[in-house]
Each structure stands twice: as structure tokens, then as C-alpha cells.
Amino acid sequence: MVLIYLDHAATSWPKPPEVMKAMAQVMECTGGNPGRSGHRLSIAAGRIVLDVREKVAAFFGIGDPLRVIFTTNATAALNLAVQGILQPGHRAVTSSMEHNSVMRPLRHVQETGVRLEIIPSRTDGTCDLGLWSRALQKPARLVVVNHASNVAGTLAPLEELARLAHSAGAVFLVDAAQTAGVVPINMKRAGIDLLAFAGHKGTLGPGGTGGLVISDDMDHCLIKPLLFGGTGSLSDKEEQPDFLPDKLESGTLNVPGLAGLGAGIDWINKRGIEVIRAHEKRLTSALIEGLSLIKGVRIFGCLDPERCTATVSFDAANRSVSELGYRLDEEYGILCRVGLHCAPAAHRTMGTFPQGTVRLAPGNLTTLDEIKVALRAIETVLKP
Amino acid sequence: MSYGVVLFHTTYGALRAEKLLTAAGFKVKLIPPPREFSSDCGVSLRIEWTTVEKIKAALIPLNREIAGIKEAPMLS
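Residues numbered from 1 in each chain as written. Chains lettered and ligands numbered in written order. Predicted model: local features only at pLDDT ≥ 70, side-chain atom pairs only at ≥ 80, totals over all residues. Heavy atoms only, no water.

A. Up close: the packing of helix H3 (residues 74-85) of chain A against helix H4 (residues 100-111) of chain A. Residue and element names in this part refer to chain A. Close contact between H3 and H4 brings their axes to 9 Å; oriented N to C, the two are set at 30 degrees. The pairing of H3 with H4 is recorded here as roughly parallel in orientation. Crossing angle aside, the handedness with which H3 passes H4 is right-handed. Note on element contacts: H4 touches H3 through Ser101, Val102, Pro105, Leu106, His108 and Val109, opposite Thr75, Leu78, Asn79, Val82 and Gln83. Grouping the constituent residues of the contact of H3 with H4 by class yields six nonpolar, five polar and no charged. (Axes fitted to C-alpha atoms, helices over the stretch in contact; angles between N-to-C directions. Helix = DSSP H or I, 4+ residues; strand = E, 2+ residues; numbered from the N terminus. Parallel < 35°, antiparallel > 145°, perpendicular 65-115°, else oblique. Left-handed = near helix turned anticlockwise from the far one by under 90°. Contact = heavy atoms within 4.5 Å. Nonpolar A, V, L, I, M, F, W, Y, C, P; charged D, E, K, R; others polar.)

B. Expanded view of the interface of chain A and chain B. Contacts between the two partners involve 27 residues from chain A and, on the opposite side, 18 residues from chain B. The contact between chain A and chain B buries some 1,700 Å² in all, and 57% of this surface belongs to carbon and sulfur atoms. Our count for the chain A to chain B interface comes out at five residue pairs in polar contact (both at pLDDT 80 or more). Considering only residue class, the side of chain A that touches chain B consists of 11 nonpolar, eight polar and eight charged. (Buried area = accessible area lost by both parts, 1.4 Å probe. Polar contact = N/O pair within 3.5 Å; in protein donor to acceptor, adjacent residues only side chain to side chain.)

C. The arrangement of the nonpolar core in detail. Counting residues in hydrophobic clusters, the biggest one holds 78 residues, and the most contacted among them are Val56(A), Phe60(A), Trp132(A) and Phe172(A). Once residues lying within four places of it in the same chain are set aside, the contact partners of Val56(A) are Val68(A), Phe70(A), Phe197(A), Val213(A), Leu261(A) and Ile265(A). (Core = buried A, V, L, I, M, F, W, Y, C linked by side-chain atoms within 4.5 Å. Buried < 20%, exposed > 50% of the residue type's maximum accessible area, 1.4 Å probe, protein only.)

D. Region of interest: the layout of surface pockets. Residue and element names in this part refer to chain A. Looking at the largest pocket, its volume works out to about 340 Å³. Lining the largest pocket are 19 residues, and of these Phe70, Thr71, Thr72, Leu227 and Ser250 sit closest to its centre. Going through the elements one at a time, strand E2 (68-71) and H3 are the ones with two or more residues in the lining of the largest pocket. For the lining of the largest pocket, the leading source of residues is H3, giving three residues. (1 Å grid on protein atoms, 1.4 Å probe; cavity = no way out; pocket = protein on both sides within 12 Å on 5 of 7 lines; lining within 4 Å. Points joined across faces, edges and corners; volume = space filled by probe spheres on them.)

E. Structural context of the pairing of strand E7 (residues 194-198) of chain A. All names here are of chain A. Burial runs high along E7: five of the five residues are buried. Alternating positions in E7 separate into two faces, Leu194, Ala196 and Ala198 on one and Leu195 and Phe197 on the other, with burial throughout. Pairing between strand E6 (residues 171-175) and E7: three bridges, direction parallel. Counted as the bridge partner of Leu173 is Leu194 from E7. (Pairing = 2+ DSSP bridges.)

F. Region of the structure containing H4(A). Residues and elements named next belong to chain A. Taking 1.5 Å per residue as the helical rise, H4 with its 12 residues ought to reach 16 Å, and the 16 Å between its terminal C-alpha atoms agrees with that figure. Where H4 is concerned, the buried positions are Asn100, Ser101, Val102, Met103, Pro105, Leu106 and Val109. Elements in contact with the buried residues of H4: H3, strand E3 (91-95), strand E4 (115-119), strand E5 (142-146), E6 and helix H11 (344-350). Two residues or fewer after H4 comes Gly113, characterised by a positive phi angle close to 115 degrees. (Expected span 1.5 Å × (residues − 1).)

G. Expanded view of the packing of aromatic side chains. Summed over all chains, the structure comprises three aromatic pairs over all chains. Where Phe59(A) meets Phe60(A), the ring centres are 5.3 Å apart and the plane angle is 75 degrees; that geometry is what we call edge-to-face. The exposure class of Phe59(A) is buried, given its relative accessible area of 12%. Owing to a relative accessible area of 1%, Phe60(A) belongs among the buried residues under this scheme. Three or more aromatic residues link up through ring pairs in this structure, and these residues are Phe59(A), Phe60(A) and Phe197(A). The side chain of Arg53(A) reaches across the aromatic face of Tyr12(B), ending 4.1 Å from its centre. (Phe/Tyr/Trp six-rings, centres within 6.5 Å; stacked < 30°, edge-to-face > 60°. Lys NZ or Arg CZ within 6 Å of the ring centre and 35° of its normal.)

Written out as C-alpha cells, the structure reads:
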């Protein structure tokens, strides 16, 4: 059975061959620990990591590559920012469309005395700037939003939110797990202070990679480390260094994974992120149009490919989403994700809690023919 | 030949400086930092001491990453 992979919002697959090649090359030839020794293999590993830092910095529009903090995934990056910045008494503001990678760390710090305000989004996932504007007339320490919802793909108006966040004196943190690599992001232009990204989704790297990117202008003293430990620097001291990236990046890095991430970014740059975005808009448009013709299907989100990523959520009258997902996989080899997508707040906002939705998330290599096959299969499965 | 070393807060600072100075035509080499100057586990940059002033000027963009510049007779 030929598989049609429509779960790119969870992780991208397949990865470009260049990603595997770069990773194997590191495993075979560059086995040293970056920053921990002075020998040639350690230096070679350090060069690879620096090279990927430079690629990530350029990719997101910052100048200083040492402000790229590598983490194991977007969740780790979001935890570092949320827990590293917020202290008891601080006020944090977020949206009702967030993934648990944002919600859970926020709920955790709320228990320690952080005041949390959740601004309701509209049922289509879009953000009501009037509500945000009112909420941010009062001072806040942190504003955190996703760039795109992992459930409905809805894009947030980052520039407006950044302006409002800064007017409240807040740090503006963006969860770009769903957009890095598929929607162009320039942190400086958008006014983003901190950007958390996953390496294994749109940027086409392997699992176990991601990072927190700190803007050139942000005072990094506002972020306390979550992890303390070996950095290779100031080895005579038992206290954590106060310079980047070491302050926030203890422990040996995933060098093969980062090499894969670097190759993924090269692949995107070669193809052109604008080309990828245009292709994904066509796929989204085809999905929305096709689904809207199938009887009994309800599509969620703003239904406008210009204002969402290639992530389309739907359900069908009187059919459980788990049955739909199971049959699409078993009978047609169509792989998607059903349920709550680790985002109960988003589903409550859209009115799909607790049953959830079927999420179709094509990627940059998905073809329009595959979308047509998937739509025919959904129609067949839904026939009474 | 009389040498010196440029010490950095992080290995990445040393690697960035190496790239910048090599491109500018300086003869530099990454070496483990001499124990007399640093307890870091990573690398420092060996430079020809006669070029130290020119190197200081070339490294201005990376000043924040430099932990020190020392003459290193033990390397000669």
C-alpha cells in the first residue's frame, strides 16, 4: 500500500536524503564533543554546530548566532522561556488557542504565583485584537502566542501582537512549532523577542532538535537557566556562566541531529520558503474545497489559505474521529492525526472538546494528486 | 616566532574569530587554551604576536566574545 502522509503538523516525513547524509557523516567522521576538548574532532564538531547556529540565526532574521539556544524540541524551548522569565507576581498573557507546550508551563508557573490571563480567540481560531488591546493596557511580563494553531492552522497577527506586548512592557514569545520552515519569519521585522521552534517539523530535521532564538535586542539576563551543568567554559567555576549560549545550554548537544537540521534548512533555502508556502496554500485550498463538498463534514478554522498553514481540521456528523482516522490508515494508507492534538484549550475554543477532530496536515512534498486521493477516501469512508 | 593567544568565553566565539581572521588573511590556529591562562575545556586562538594590534582591530565585531588576549612565550 502506498502511504499518503498527512501528519506534517506532528512531524515532517520523509526527510530529504541530504538530512540523513549529513547525520551519517557526523556519526562516521566527526565524533567529537563540541566545546569540550581542543582536539580536531571536537573542533570539527564545534564547527558543525556553529554552522547550524549561523543558518538558524539567518533563517529567522537575527544577527548574532550565539543567541540561538539549541534544545531538544519546541516544548523544551518554551519551558525555558516561560519558566526562565516568569516569577511569582508577574503577569503573563496568552491566547485560548495554545498547545499544551505553552499551556502546561503557564499553568505550572500560575501555581507558583504568576498571574495568567487567557484571551479568548474566536471560534475559527482567529485572534480578536480588540480584546488583546484592552488586556495589554495593563503591564505584563510575558506575552506568548503560537504563530499558527496546531489544530486549525490559523495564523496569528504577530506584528500587531508584538506592538501591543511591547506597549505593556512584556517580552513577546512566539511558538513557531507549526510555522518554522513553512512560513517566512523575520524576528526583527515582526518584533519577536523570543522564538521557540521544533527542528523536526517544517525545518525537516530529525526529532530531538529545536531551539529558542533570542532577538539581538533582548536583554538575555531576563531569562534564568532551567538546566545547569557542563558547558566546556569556565571549568574552574562551580557557578553557571552568564554568557550565551552556554548560560542556557548545558550538557552535550545532539550534533548529528543538528547537522540534519542544518541540511534541512539548506534544503528549504534551496527550494525557497516562498515556493513552499505557495505550494502549501494550493494544497490547503484543495483540501478545504474538497472537504466542503462532502456531505456531513464540518471544517474548522478560518478556511482561508492566506491566513492559515496547511493544517485542516474537520469532523463528520455522527462519526467518531478515531474511527475515521483508523479506517483512513487501515484501508487507504492515509496517515493523519485525530483527537485533541495536545491542545484542549484550542478545541474548547472551536467547540470540538472533548471529541476532537480529524487533522489533515500535508507538507512541502505532498502532491495535489495525493490530496485528491485522500478526499475520495474520506468521502467513501463517510458514505452511510 | 613569538606567539600569543586570544581567549574566548565559548568555543563558538573562537570558531567565529578563526573564520573572520582567516578570511582577512591572518595566520591563526585553534589550540587548547594554555593552562597558565585558562581552565576552559575548549579552544583558544593562537596568533602571531607581531600582528596583535591588527588582530584586535579586526576582532572588534566579536569583542563581547573575547575573554582576553595574552602573549604566550611558552608557545614559541
